[in-house]
Amino acid sequence: MTRKRTIDLTGADGLDNEKRIRLLGIIDRLRELGISENVSLPQLVVVGDQSSGKSSLLLFATQIVLRRAPEGEGQARITIIPGPSSRLDETLNQNLLAFEKILAAADFGCQEFEEVFDEAARCMGIPGPNTKNLEDVEKRFSDDILKIELSGPDHRHLSVVDVPGLFHNPTKFQTEEDRAIIRKLIEDYMTDKRTIILAVMDARNNLANQEVFSMARAADPAGKRTVGIVTKCDALQAGDEAGILRIAKNEVEHLTHGWFAVRNRSTQEIKEGVSIEGRHQREKAFFSTVQPWTGLRKDRVGIKALKSFLGHLLYDHIRSEFPAVVADIEKLSLETQKELEILGPSRQTPAEQRRFLTRLSTTYQNEVDKALNGKYNAELEAQSPLKLRMHLRQHADDFARSMAREGHAKVFRTIQDENDPEFSRPAGDSENIYDWIRRYYLESRGSELPGTVNPIVLQNMFRRQSSPWEKIAMKYLKKIASAVESFNKDVFAKIIPDENVREKVEAFISRPGEETYDQAHEQLLTIVNDERGGILQTVNHYFADTLSSIRQERVIARLEGLGLEDGYAFDMKTVLKGVHLSNEDQSVFDIHDILKAYYKVAMKRFMDNVIIQVSERYMLGESGPVRTFSPDLIGGLEDDMLTDIAGENFSTASRRNDLISKAARFREALDIAKRAVL
């Protein structure tokens, strides 16, 4: 069977260079691997309006490959390169790859090719040349490529992709939807920046009416990737040649690579069995003797000139694009490998799921250890949640500052009767602490002797003075919990790219995490109660030293108030009168100084206990939210829980299989590409 707009690509010269043959063969091998699905490959693509005859019903792309072979070894090998949609169906993909028909040179006839095309079409699942009932077919088009390798002594290496032709008037066999699909297919080929467009024009039709050229202009506005080909020059009516000659001379539609004019075999010549060689002779005679066609340049007319030009053009084009092609394959290969690493190994069985989660938990614990020991990666942002220990230290510092600034109900005073800056509040306090102590002291007097202080008074005043502690400590605990939660969110996003698995792992550890937080809260309340609920106790010498120092400072301050200094004589009565205070004043000052000295000791002890016994023991401890997800935990999970957390769905399994296939194809493609000699 013939396709009348398909260029006859036989009988070219000068393409026997070994480098060229090897490089062109490599591109063909890459296309066979399906690399063109992901990487744009340099190619020649024939486009044009659909010609009449049965060939118009071939709804798939055809790759024609010419190879030189010794005398007597000519043959045609027809195979199918599965398209992207066919590769999704493993059975269909294998069936297409298995398709192979070989015709000897003696069988190169229309009938033989038609039968092979029909069988190939059935394999693709679309109508073939001999399909009778075209109205009832389910699938009319295929993105598979029919590959025809013609080898013989008269051939030189060349590869051209021929796509289905455009048609303008829909019929019951070719609908408007079909037209749109073919147009999209042609556009996809044309817009590929590595495609050389062989735009075929029927000499009998007006250039302005041939849609393929408007599409070529849109895809290649400068005409740098387009070669124009005028066919059926001998079929023009006498007197209509002038316009076509101007086009062929590149004077109308200017293209960087210019135009070629060819003469096709007529239907009658095909019926008469005119050979390919006979066709070449008639074409040569036509352009050499028939006016006005003799006015065209000899290197721009005839199939032989076109074939020779295309062979050199394709080789130069591939050679210039080849490094970029290899770079694209390498990039995609790395990306595919990274995606595979992200998906990880198969997780179909409980054993695979346990191994997967064990590796994941080990990686997680390594991240936790680094985060808690301050071993941060240099590329982390300054406030990255992954810098967990840094945030814990910041929150502890904030906790200490809040306790010093806001932990006391009343601001302690200095000996100079000023607000103690160690306990100052920005907004100050409306009631002087001495007035508050005096009022409470007087309201709380019991059976104690005058001038003495009831121990219950000190306990109650300490409880009131330390009343903000619980609120401040709870705020600190929430900040710690938030820092841990942010850390887990970021570290899981880093090590578990599978969103479905990540969500399940986070949900899984959230339950024990909530329990741990509740335990931490209870421990915090216990510490608060221990400090504020019982008697005042300490063996810390800092308390006695501080209290003694404050009392000494008070005496010295009173003496200095009398104008006494070291080395001066003094009157004992005057000194005693100045130093002595009333029982009530003495009690107020004693309560203040004892309360202040004890408060300092208790506050430091409280802060340390909260940080160590609450934050470190619970939130960061063995049962805490950053230690729960561990290999030991995974080792004890039941199979159903493993499946619930790590079991992969069909989509993930299919994605992995697809990536494995792609990775293998890319590796093979790179291995093939490395054999190229530019």
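Residues numbered from 1 in each chain as written. Predicted model: local features only at pLDDT ≥ 70, side-chain atom pairs only at ≥ 80, totals over all residues. Heavy atoms only, no water.

A few points about the overall build of the chain
Here's step 1: Counting its regular elements, the chain contains 22 helices and nine strands.
Here's step 2: Considering only residue pairs separated by 6 or more positions, the chain has 79% of its internal contacts joining residues 24 or more positions apart.
Here's step 3: Of the accessible surface of the chain, which amounts to about 33,400 Å², a share of 50% is contributed by carbon and sulfur atoms. (Helix = DSSP H or I, 4+ residues; strand = E, 2+ residues; numbered from the N terminus. Contact = heavy atoms within 4.5 Å. Areas by Shrake-Rupley, 256 points an atom, 1.4 Å probe, with all protein chains shown as cover.)

Examining the environment of Ser630
Here's step 1: Relative to the assigned elements, Ser630 resides in the loop between helix H19 (583-619) and helix H20 (631-635).
Here's step 2: What makes Ser630 buried here is its relative accessible area of 14%.
Here's step 3: Not counting residues within four places of it along the chain, the set of residues in contact with Ser630 comprises Ser361 and Gln365. (Buried < 20%, exposed > 50% of the residue type's maximum accessible area, 1.4 Å probe, protein only.)

Description of the packing of aromatic side chains
Here's step 1: One pass over the full model with this rule turns up 18 aromatic pairs.
Here's step 2: For the ring pair Phe287 and Trp293, a centre distance of 6.3 Å and an interplane angle of 90 degrees mean the geometry is edge-to-face.
Here's step 3: An angle of 25 degrees between the planes, with centres 4.8 Å apart, marks the rings of Trp469 and Phe606 as stacked. On the criterion of sequence distance, the pair formed by Trp469 in helix H15 (residues 469-495) and Phe606 in helix H19 is long-range, its members being 137 residues apart. There is no split in this pair, since Trp469 and Phe606 are both buried.
Here's step 4: Every member of this aromatic cluster is reached through a ring pair, and the members are Phe412, Phe462, Trp469, Phe543, Tyr598, Tyr599 and Phe606.
Here's step 5: In this structure, Arg347 is placed above the aromatic ring of Phe356, and the distance from its NZ or CZ to the ring centre is 4.5 Å. (Phe/Tyr/Trp six-rings, centres within 6.5 Å; stacked < 30°, edge-to-face > 60°. Lys NZ or Arg CZ within 6 Å of the ring centre and 35° of its normal.)

Some remarks on helix H1 (residues 18-32)
Here's step 1: The first and last C-alpha atoms of H1 sit 21 Å apart over 15 residues, in line with the 21 Å expected at 1.5 Å per residue.
Here's step 2: Among all positions in H1, only Arg20, Leu23, Leu24, Gly25, Ile26, Ile27, Asp28, Leu30 and Arg31 are buried.
Here's step 3: Phi for Gly34, located one or two positions after H1, is positive at around 85 degrees. (Expected span 1.5 Å × (residues − 1).)

Some points on the environment of Ile472
Here's step 1: Within the element layout of this structure, Ile472 appears in helix H15.
Here's step 2: Its relative accessible area of 9% is what places Ile472 among the buried residues.
Here's step 3: Taking the C-alpha atoms as reference points, Ile472 and Glu406, 66 residues apart in sequence, are found 8.1 Å from one another.
Here's step 4: Setting aside anything within four residues of it in sequence, one finds Ile472 in contact with Phe399, Ser402, Met403, Glu406 and Gly407.

What to know about unusual backbone geometry
Negative phi values dominate among residues other than glycine, just as trans dominates among peptide bonds.
Here's step 1: Here Gln291 and Pro292 are connected by a cis peptide whose omega angle stands at 0 degrees.
Here's step 2: Along the chain, Pro292 turns up in the loop between helix H9 (276-289) and helix H10 (303-343).
Here's step 3: Unlike most non-glycine residues, Lys232 shows phi in positive territory, near 60 degrees.
Here's step 4: Here Lys232 shows up in the loop between strand S8 (226-231) and helix H7 (241-248).
Here's step 5: The backbone of Asn250 sits at a positive phi, close to 70 degrees, despite the residue not being glycine.
Here's step 6: Residue position: Asn250 is located in the loop between H7 and strand S9 (259-261).
Here's step 7: Given a relative accessible area of 17%, Asn250 falls into the buried group.

A few points about helix H11 (residues 350-372)
Here's step 1: Relative to the 33 Å expected for 23 residues at 1.5 Å per residue, H11 spans 32 Å between its end C-alpha atoms, a close match to the ideal helical length.
Here's step 2: Considered for burial, the residues of H11 that qualify are Gln353, Phe356, Leu357, Leu360, Ser361, Tyr364, Gln365, Glu367, Val368, Ala371 and Leu372.
Here's step 3: Contacts from the buried residues of H11 go to H10, helix H12 (388-406), H15, helix H16 (499-533), H20 and helix H21 (639-646).
Here's step 4: Within two residues after H11, Gly374 carries a phi angle of roughly 75 degrees, on the positive side.

Some details on the confidence of the model for the chain
Here's step 1: Looking at the chain as a whole, its pLDDT mean stands at 83, while 86% of the residues score no less than 70.
Here's step 2: Every residue in residues 1-16 scores below 50 in pLDDT, and together they form 78 contacts with partners more than four places removed in sequence or on other chains.
Here's step 3: Low pLDDT, under 50, characterises residues 52-58; the stretch is placed with 20 contacts to residues that sit more than four places away or in other chains. (pLDDT = per-residue confidence, 0-100.)

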